[in-house]
Amino acid sequence: MTGTIQARISRRTFGKSLVAAGLGYAAIPARAEPSQKQPIMIDTHSHVFHRGLQLADSRRYAPGYDAPLDLYLQQLDDNGISNGVLVQPSFLGTDNSYLVQCVLAARGRLRGIAVVEPNITSDDLNRLNDSGIVGLRLNLVGKPLPDLASPAWGGLLERAAKLQWQIEVQRAAIDLAALAPALLAFGVNVVLDHYALPNAGTGAADPGLVTLTKLGQSRRLWVKVSAPYRIGEDGNRIAREAFVLLRGSLGRDRLIWGSDWPHTQFESTQTYARALAAFAEIVGDPDDRMAILQNPRGLFRFD
């Protein structure tokens with residue numbers, strides 16, 4: 001990886017507000033909403049972390065740089081985005097403490113999506129809920145599919161439904177075609193990452209993606225138009241085709257945008273500004289873009 005992100009971080013306010021202290025960091029300073037009144041525009045997919053955090057034993061990737069809260073908030077400010085959603089990185093496992101700390105420090109500007117064990121207690125779920133966590137993440141790339149019929153998973157999803165949480169899933173479209181209906185059966189909102197990750201070879205004709213479009217009548221299926229580079233080298237083209245399909249089947253009001261900052265594993269080629277530029281290229285209509293940026297207000301409890 002190039003030193004691009006590390007260089008940007010060292011030039012920013014990281015040293016002023018997140019001072020290294022052994023393996024931990026100093027308390028994160030509170031940062032309020034942007035000082036200028038602006039329309040609500042929401043980035044629904046981003047990550048924050050630093051190298052002092054304990055990594056999960058089972059992980060596919062470990063970053064060699066820091067992506068702290070202040071630097072993320074600077075991305076929002078620099079690009080005119082009012083609010084953001086922090087998604088627990090898979091390499092941090094189920095320790096959501098830094099995620100919660102950052103959400104609380106942002107004083108309502110951010111929400112969080114946590115990763116938990118199926119047997120987490122209801123008290124712990126309630127504490128997460130009170131801290132600004134609004135959903136659970138299932139990053140299933142390279143992992144076996146969960147047994148949703150098991151008591152542990154069924155109980156977790158039932159409790160998530162009572163909290164009116166969403167379930168965010170990252171998995172290839174062909175597997176989501178079976179997994180999404182099973183999740184919807186629990187009464188939760190289901191959010192699919194990155195255009196539902198259609199196969200790079202078949203693109204928008206991916207049979208899994210086509211099957212997912214038939215779930216639009218549930219009104220509880222959402223798709224993030226985010227990170228087309230995760231689809232493949234021709235990701236922007238496939239994303240344009242997928243967007244047309246998803247808009248026509250799920251409805252524009254069930255599409256949301258995410259920057260995927262700091263673009264883990266793609267740090268050397270992607271930036272926040274480039275993510276917005278790709279969004280503008282893929283979703284050509286300005287009215288569509290504004291609607292997609294505002295759609296998540298209720299889903300993420302920003303209203």
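Up top you'll find the structure we're talking about.
In short, a report on the structure. (Residues numbered from 1 in each chain as written. Predicted model: local features only at pLDDT ≥ 70, side-chain atom pairs only at ≥ 80, totals over all residues. Heavy atoms only, no water.)

1. Describing the pattern of salt bridges
For step 1, the next point in the chain: Tallied over the entire structure, the rule returns 15 salt bridges.
For step 2, the next point in the chain: For the salt bridge of K224 with E168, the shortest nitrogen-to-oxygen distance reads 2.6 Å. Within this pair, whereas K224 is found in strand β9 (residues 221-226), its partner E168 is found in strand β7 (residues 166-170), the two being separated by 56 residues in sequence.
For step 3, the next point in the chain: Judged by its relative accessible area of 0%, K224 is buried.
For step 4, the next point in the chain: Between K224 and D193 there is a salt bridge; the shortest N-O distance is 3.5 Å. (Salt bridge = Lys/Arg side-chain N within 4 Å of Asp/Glu carboxyl O. Helix = DSSP H or I, 4+ residues; strand = E, 2+ residues; numbered from the N terminus. Buried < 20%, exposed > 50% of the residue type's maximum accessible area, 1.4 Å probe, protein only.)

2. With respect to the pairing of strand β10 (residues 255-258)
Remember that side chains alternate between the two faces of the sheet whenever the strand is regular.
For step 1, the next point in the chain: Side chains L255 and W257 project from β10 onto one buried face, and the interleaved I256 and G258 project onto a second face that is buried too.
For step 2, the next point in the chain: The pairing of β9 with β10 spans four bridges and is parallel. What sits directly across from S226, in β10, is G258.
For step 3, the next point in the chain: Regarding topology, helix α9 (residues 235-249) serves as the crossover connection from β9 to the parallel β10, and that connection is right-handed. (Pairing = 2+ DSSP bridges. Right-handed = clockwise from strand over helix to strand, strands pointing away.)

3. Let's talk about the packing of aromatic side chains
For step 1, the next point in the chain: Inspection of every chain in the model, using the stated rule, returns six aromatic pairs.
For step 2, the next point in the chain: A ring pair is formed by Y72 and W261, whose centres lie 5.6 Å apart and whose planes are at 35 degrees; its orientation type is tilted. Of the two residues, Y72 is situated in helix α3 (residues 69-78) and W261 in the loop between β10 and α10 (272-282); the sequence distance between them amounts to 189 residues. (Phe/Tyr/Trp six-rings, centres within 6.5 Å; stacked < 30°, edge-to-face > 60°.)

4. A word on the nonpolar core
For step 1, the next point in the chain: I167, V169, L183, L192, Y195 and W257 are the most contacted members of the largest nonpolar core, which totals 76 residues.
For step 2, the next point in the chain: Excluding anything up to four places from it in sequence, I167 contacts L136, L138, L157, A160, L183, V188, N189, V190 and V191.
For step 3, the next point in the chain: In terms of nonpolar packing, the next biggest core, distinct from the first, is built from 11 residues, V85, V134, V191 and F300 among them. (Core = buried A, V, L, I, M, F, W, Y, C linked by side-chain atoms within 4.5 Å. Contact = heavy atoms within 4.5 Å.)

5. Examining α3
Each α-helix winds once per 3.6 residues, and so residues spaced three or four apart point in a common direction.
For step 1, the next point in the chain: Burial runs high along α3: seven of the 10 residues are buried.
For step 2, the next point in the chain: For α3, the full list of buried residues reads L69, D70, L71, Y72, L73, Q75 and L76.
For step 3, the next point in the chain: Positioned one or two residues after α3, G80 has a phi angle of 70 degrees, which is positive.

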